[in-house]
Amino acid sequence: MQVHIEQVLLEVIEGDITRWQGDYIVNAANSGLYGGGGVDGAIHRAGGRRIAEECAAIRQRQGKVLPGDAALTSAGSLPFRGIIHTVGPIWKGGSANETAVLAECYSTSLNLACAEGAQSIAFPNIGTGVYNFPKSAAAQIAVTSVVRFIREKTAANMPLKRIAFVCFEPDNAAIYRELLESCR
Ligand code: AR6
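(A) Quick look at the packing of aromatic side chains. In total, this model carries five aromatic pairs according to the counting rule given. Ring geometry for Y106 and F123: centres 4.7 Å apart, planes at 40 degrees, overall tilted. With Y106 in helix α3 (residues 98-115) and F123 in strand β6 (residues 120-123), this pair connects stretches of sequence that are 17 residues apart. Across this residue pair, the class does not change: Y106 and F123 are buried. A network of ring pairs unites the aromatic residues Y106, F123, F165 and Y176 as a single cluster.

This is how it looks when you write it as structure tokens:
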């Protein structure tokens with residue numbers, strides 16, 4: 001499922017983000033960049049120990065990565081230009097600024113990717129696993145944030161040509177397909 005917004009191709013892909021092909025993948029990390037379960041675990045397992053070493057160096061240098069913020073490492077042995085580790089909000093019922101923080105995860109990651117000159121980037125469904133953000137609301141925020149980002153950038157400072165939402169769970173993929181359909 002694909003749709004164009006301005007000159008950028010948005011696509012929904014079902015599967016494992018470590019198998020995607022492109023420049024940068026986004027990780028749904030924790031504030032300490034300690035690695036963990038879910039997509040974080042999959043990325044660290046597939047990319048090898050260099051990613052954890054670089055995460056430790058970031059931790060030493062700047063302390064925690066706050067929710068909504070992001071940090072960049074290499075991709076270790078994975079064939080990407082790098083990994084953008086962003087920290088989603090822990091869902092606490094919706095009254096703890098979770099929506100704004102999740103939107104920030106997308107805009108911060110996209111800004112970082114653009115600063116690196118990325119032509120393509122893939123996002124997992126940040127926050128919707130261990131952190132328990134409701135899937136439909138999270139997808140809506142993801143798509144809205146990405147579309148807004150594309151529309152607000154001028155062509156001159158927008159290197160991105162392809163943005164993928166990689167959904168591990170079929171129900172998430174269905175939600176994203178429906179949302180992108182409505183962007184046509
Ligand atoms: N590729 C793409 N998506 C995946 C993969 C994969 N290989 N594996 C799981 N997902 P989660 P969070 C999906 O829990 O909610 C970690 O322990 C998964 O189905 O990975 O932001 C961190 O260290 C779900 O839809 O991230 C943090 O402590 C989505 O990725 C905490 O979990 C996000 O689920 C972050 O929690």
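That covers the picture; the talk isn't over yet.
(B) Fine view of the site of the ligand. Residues in contact with the ligand amount to 22 residues; listed here are only the nearest, N30, G37, D40, G129 and E169. Between the ligand and the protein, one listed contact pairs an oxygen atom with a backbone N or O atom of V130 at 2.8 Å. At 3.0 Å, a backbone N or O of Y131 approaches an oxygen atom of the ligand. Surface burial for the ligand is 93%, taken as the share of its 700 Å² of free accessible area covered by protein chains. Of all the secondary-structure elements, those providing two or more residues to the shell around the ligand are β3 (24-29) and α1 (38-47). If you tally residues by element for the shell around the ligand, the top one is α1, at four residues.

(C) Highlighting the pattern of salt bridges. Scanning the model with the defined rule gives nine salt bridges in all. Residues joined in a network through salt bridges with shared partners are K135, E169 and D171.

(D) Quick look at the pairing of strand β1 (residues 2-5). Side-chain alternation along β1 places V3 and I5 on a buried face and Q2 and H4 on a face that remains uncovered. As defined by bridge partners, β1 adjoins strand β2 (residues 8-14) across four bridges and the pair is classed as antiparallel. Each residue of the ladder has a partner; that of Q2, found in β2, is E11.

(E) Examining the nonpolar core more closely. With 38 residues, the main nonpolar core has L10, Y106, I121, F123, I163 and F165 as its most contacted residues. Broken down by secondary-structure element, the contributors of at least two residues to this core are β1, β2, β3, α3, β6, α4 (135-152), β7 (162-167) and α5 (170-181). In terms of residues, this core owes the most to one element, α4, which gives nine residues. Non-local contacts of I163, meaning those with residues more than four positions away in its chain, are made with V8, L9, L10, E11, L110, I121, F123, V146 and I150. By size, the runner-up hydrophobic cluster in this structure holds 19 residues, among which are I25, C55, V65 and A75.

About the cut-offs
- Residues numbered from 1 in each chain as written.
- Predicted model: local features only at pLDDT ≥ 70, side-chain atom pairs only at ≥ 80, totals over all residues.
- Heavy atoms only, no water.
- Phe/Tyr/Trp six-rings, centres within 6.5 Å; stacked < 30°, edge-to-face > 60°.
- Helix = DSSP H or I, 4+ residues; strand = E, 2+ residues; numbered from the N terminus.
- Buried < 20%, exposed > 50% of the residue type's maximum accessible area, 1.4 Å probe, protein only.
- Near = heavy atom within 4 Å.
- Polar contact = N/O pair within 3.5 Å; in protein donor to acceptor, adjacent residues only side chain to side chain.
- Areas by Shrake-Rupley, 256 points an atom, 1.4 Å probe, with all protein chains shown as cover.
- Salt bridge = Lys/Arg side-chain N within 4 Å of Asp/Glu carboxyl O.
- Pairing = 2+ DSSP bridges.
- Core = buried A, V, L, I, M, F, W, Y, C linked by side-chain atoms within 4.5 Å.
- Contact = heavy atoms within 4.5 Å.

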